[in-house]
Amino acid sequence: MNVNLDDVQIRYTLPEDGKALKEWLLEPNILRWFPMENEAEVEDAVRHWIYYYRYRSSLTVVFNGEPV
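The structure reproduced in this document is the subject of the present report. Per chain, residue numbering runs from 1 following the sequence as it is written. Selection of residues for local features in this predicted model requires a pLDDT of at least 70, selection of side-chain atom pairs for listing and counting requires 80 or more, and totals for whole chains, interfaces and linings are taken over all residues. Processing note: side-chain calculations cover all non-hydrogen atoms of the structure and skip hydrogens and water entirely.

**A closer look at the sheet that holds strand 2 (residues 59–63)**
Our working definition: Pairing between strands is defined by DSSP: at least two bridges between them are needed. Elements are defined by DSSP. Helices are runs of H or I of four residues or more, strands are runs of E of two residues or more, and each kind is numbered from the N terminus.
If you trace the 3 strands from one edge of the open sheet to the other, you get 1-2-3, paired in antiparallel fashion. Looking at the sheet topology across the chains shown, the edges are occupied by strand 1 (8–12) and strand 3 (66–67). In the sheet, strand 1 pairs with strand 2 via 5 bridges, with the strands oriented antiparallel. Across the sheet, the residue bridging to arginine 11 is threonine 60, located in strand 2.

What follows is the structure, encoded as structure tokens:
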């Protein structure tokens, strides 16, 4: 897959990125690499992760306008 770097942006995480993060973590091939077992644990982890956006301590990659 060829990616045009003009379509890629790296920015500080925003609260609305939590939805995409949760969807990604709930994918079976992804979740198996994290110490979470169910949706409740994923929601808790996402809530903690997104909490730190206010300190600008995490980054999000955006491709074609969507967090990835």
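Still to come is the rest of the account.
**Re the environment of methionine 36**
Keep this limit in mind: In what follows, a contact means two residues having at least one pair of non-hydrogen atoms within 4.5 Å.
Relative to the elements of secondary structure, methionine 36 occurs in the loop between helix 2 (28–31) and helix 3 (39–51). Leaving out residues up to four positions away in the same chain, methionine 36 has contacts with Leu25, Leu31, Glu41, Val42 and Ala45.

**Focus on the nonpolar core**
The condition that has to hold: Only buried residues count toward a nonpolar core, which is a set of Ala, Val, Leu, Ile, Met, Phe, Trp, Tyr and Cys residues joined through side-chain atoms within 4.5 Å. Buried, partly exposed and exposed residues are distinguished by accessible area as a fraction of the type maximum, computed with a 1.4 Å probe on protein chains only: under 20%, between the cut-offs, and over 50%, respectively.
Leu21, Leu25, Ile30, Leu31, Met36, Val42, Val46 and Ile50 together form the largest nonpolar core, which totals 8 residues. Secondary-structure elements contributing two or more residues to this core are helix 1 (18–25), helix 2 and helix 3. By residue number, the principal contributor to this core is helix 3, which donates 3 residues. Each residue touching leucine 21, except ones within four places of it in the same chain, is listed here: Val46 and Trp49.

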